[in-house]
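# Inside the fold
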Amino acid sequence: MAQHYDALVIGAGFSGMYQLIRLREQGFSTRVVEKGTGVGGTWYWNRYPGARVDIESVEYSYSFDDALQQEWDWSERYAAQPEILRYAEHVADRYDLRRDISFETSVEKAVWDEESDRWTVTMLSAEGSETVTASYVIAATGCLSMPSRPHFEGMDDFEGETYWTSSYPREGVDLTDKRVAVIGTGSSGLQTITAIAPVVGELTVFQRTPSYAVPAHNGPEADRLREVRPQYPAFRELSALSPLGFQCGEDNPRVMMETDPVDVRAELDRRWAVGGLCFNSGFEDTLRDQAANDLAAEYVRDQIRAKVKDPEVAEKLCPTTYPIASKRMCVDTGYFEVYNQDNVSLVDLQETPIERFSAKGVVAGGTEYEVDVIILATGFDAMTGALNAIEFRNGEQVLSEKWEHGPRTYLGLMSVGFPNLLTVTGPQSPSVLSNMMTSIEYHVDWITRLLQAQRAEGLTRIEPRPEAEDNWVNTTNDLADLTLMPQASSWYMGANIPGKQRVFMPFIGGVGAYKQIGDGIATVGYHGFDRA
Ligand code: FAD
Ligand code: N01
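Not measured: the values here are computed from a predicted model.

## Here's the deal with the overall build of the protein
Per the secondary structure count, the protein includes 15 helices and 21 strands. Projected onto the principal axes, the alpha-carbon positions of the protein cover approximately 70 × 60 × 45 Å. Buried positions account for 57% of the 532 residues belonging to the protein. Here the contacts in the protein between residues at least 6 apart in sequence split such that 71% fall between residues at least 24 apart. Surface accessibility of the protein: about 21500 Å² in total, with carbon and sulfur atoms responsible for 48%. Charge separation in the protein, taken as the distance between the mean sites of 47 positive and 78 negative side-chain charges, equals 2 Å.

See the structure below:
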């Protein structure tokens, strides 16, 4: 007989870990299954040089236990990957999580059984295949956990070392004095480039599309912690109700196009000086009015021009082909200044595309760039990639096939045809448009409350109604269409993956508004769901 669990949780990143804590507290038998050898998810896999958060550490951390937030000291305003991984491991130790986590095990398939209201889940590990059953499957598989690895002709011919930022060796790589190529200039690329430029011999950056980046103004976190700690619960409550899941002082944002240009400039200057992702929160029309967006974008381009000495290189680093903030903005720690170093050069792939890899390096625009190491920072099959990689099946219906033309969910939590399958930060929830920790905690709490309600009411099945899903999908799309977001070829749109349907995947209505909707739906007995 297959082992049975109340809940099977896929993934041991911050979502899966917190889900385990909550379900255990409520007495649900729970097993977590994780591909990696340890906890931490994103922060376990992405060990590339310079990896760090773009949300301040006092916000990008769990809020569910005041004792935890009181005892943990963040060293920096924007913590780096090793510190975040230590934090994840601390949480695993503190709440004794590992005993319910199967590491180095991958969930391959889950099949719904209408008779028993259970999922039969097949997973693979070095020991072979194992089948278990679960009343609920909770996919905590991550929005940015399925790397996108484009193939370049001749990749196998390259005689040097090749690394992907999304699976960078845990022991690190000695790049001292080496000739290094970095392909990709999103957040991962920017952080890698900034971190390795001082140590490598030569650095060649292959850029297809430049990124908008705001300075982090990173530094010690001690003062901020002293300020926040005494009022942490109230501070977290404000974040949970804010548009982005962290606080940007945007309680009363102005309309840029109705504001005196001198005041606009002063506000942008002020936000630039503070640094970080709050740069865009001063005006509510930045993301919906092209003229406002152009002003903010030009402000950032001017900053780039001021930082980079060579005007030609500066222009190449200036993003012009998509609205500012229509891709998640990068938060940098001296990225643009790197191009003032003699050992750093930029190859603009718009002018000279990569033709192939050779034994000695990368060939672009007829030039062979000889290097010892190639680092690829080419991003992720975001939001749906990890979910679609699992065969979720109910009879003839498979989730990845249902989602072929884009994800269809109710609240980003469930999808019609797949009862008792819940997704943490699933598509059509705020997820990647927010401080993910806030969104993760909200979803996990919502799911836990649901499972408690099911148990209390003696119910064993829940599934969204088709009309609720249709309405939610339409709402999500309509909201996105009110903004400039769909104009960008972003991973939010699935545009970075060849053949993937272009559809704006996250819910853009804001974290606070989403919470109010989600709370309301739960409070009235799960409106829009069929329960039995
Ligand atoms: P993940 O951390 O992605 O964990 C999912 C886990 O599921 C992984 O460990 C994976 O191995 C496992 N898994 C997936 N499929 C299977 C399967 N079939 N079987 C078994 N295991 C499986 N967000 C922010 O808000 N702020 C930031 O500053 C920030 N920085 C980021 C930096 C990087 C480099 C990246 C890639 C993302 C960043 N994010 C950030 C987003 C980040 O993914 C979330 O903040 C958060 O860590 C997600 O946690 P999670 O548990 O939901 O998913
Ligand atoms: O991935 P990306 P990422 N040839 O998709 C290029 C989070 N994150 O890992 O834009 C050449 O942004 C691609 O070019 P283009 C954060 O949410 C946060 O950097 O498609 N180039 C692009 O430049 C972020 O948004 C942090 O033209 C190719 C790059 O590779 C998300 O994760 C740090 C190519 C990919 O950029 C993803 O960021 C890291 C090809 N064939 C990640 N294919 C923080 O700072 C792709 N590219 C918190």
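## A word on the site of ligand 2
Looking at ligand 2, there are 24 residues lining it, with T185, S188, Q191, R208 and T209 nearest. Interatomic distance of 3.5 Å between a backbone N/O atom of R52 and an oxygen atom of ligand 2. Between an oxygen atom of ligand 2 and a side-chain N or O atom of R208, the distance comes to 2.9 Å. Per-element tally for the shell around ligand 2: the top contributor is helix α5 (residues 187–196), with 3 residues.

## Structural notes on the sheet that holds strand β9 (residues 202–207)
Judged by pairing direction, the sheet is parallel, and its 5 strands sit side by side in the order β7-β16-β8-β9-β12 without closing on themselves. Of all the strands in the sheet, the pair left with one neighbour each is β7 (161–164) and β12 (344–348). Ignoring which end each strand starts from, the neighbouring axes of this sheet average 20° apart. Bridging between strand β8 (residues 179–183) and strand β16 (residues 373–376) involves 4 bridges; their strand directions are parallel.

## Points about the packing of aromatic side chains
Summed over the entire model, instances satisfying the criterion amount to 35 aromatic pairs. When the centroid spacing of 6.2 Å and the interplanar angle of 80° are considered together, the rings of W119 and F392 count as edge-to-face. Of the two residues, W119 sits in strand β5 (residues 118–125) while F392 sits in strand β17 (residues 391–394), which places them 273 residues apart along the sequence. One exposure class covers both W119 and F392, and it is buried. Three or more aromatic residues link up through ring pairs in this structure, and these residues are F14, Y18, W43, Y60, Y62, F64, W72, W74, Y87 and Y95. The side chain of K327 reaches across the aromatic face of Y322, ending 4.4 Å from its centre. Across from the ring centre of F28, 4.0 Å away, lies the NZ or CZ of R455, which sits over that ring.

What counts and how
- Residues numbered from 1 in each chain as written.
- Chains lettered and ligands numbered in written order.
- Predicted model: local features only at pLDDT ≥ 70, side-chain atom pairs only at ≥ 80, totals over all residues.
- Heavy atoms only, no water.
- Helix = DSSP H or I, 4+ residues; strand = E, 2+ residues; numbered from the N terminus.
- Buried < 20%, exposed > 50% of the residue type's maximum accessible area, 1.4 Å probe, protein only.
- Contact = heavy atoms within 4.5 Å.
- Areas by Shrake-Rupley, 256 points an atom, 1.4 Å probe, with all protein chains shown as cover.
- Lys, Arg positive; Asp, Glu negative; His and termini not counted.
- Charge placed at Lys NZ, Arg CZ, Asp CG, Glu CD.
- Near = heavy atom within 4 Å.
- Polar contact = N/O pair within 3.5 Å; in protein donor to acceptor, adjacent residues only side chain to side chain.
- Pairing = 2+ DSSP bridges.
- Axes fitted to C-alpha atoms, helices over the stretch in contact; angles between N-to-C directions.
- Phe/Tyr/Trp six-rings, centres within 6.5 Å; stacked < 30°, edge-to-face > 60°.
- Lys NZ or Arg CZ within 6 Å of the ring centre and 35° of its normal.

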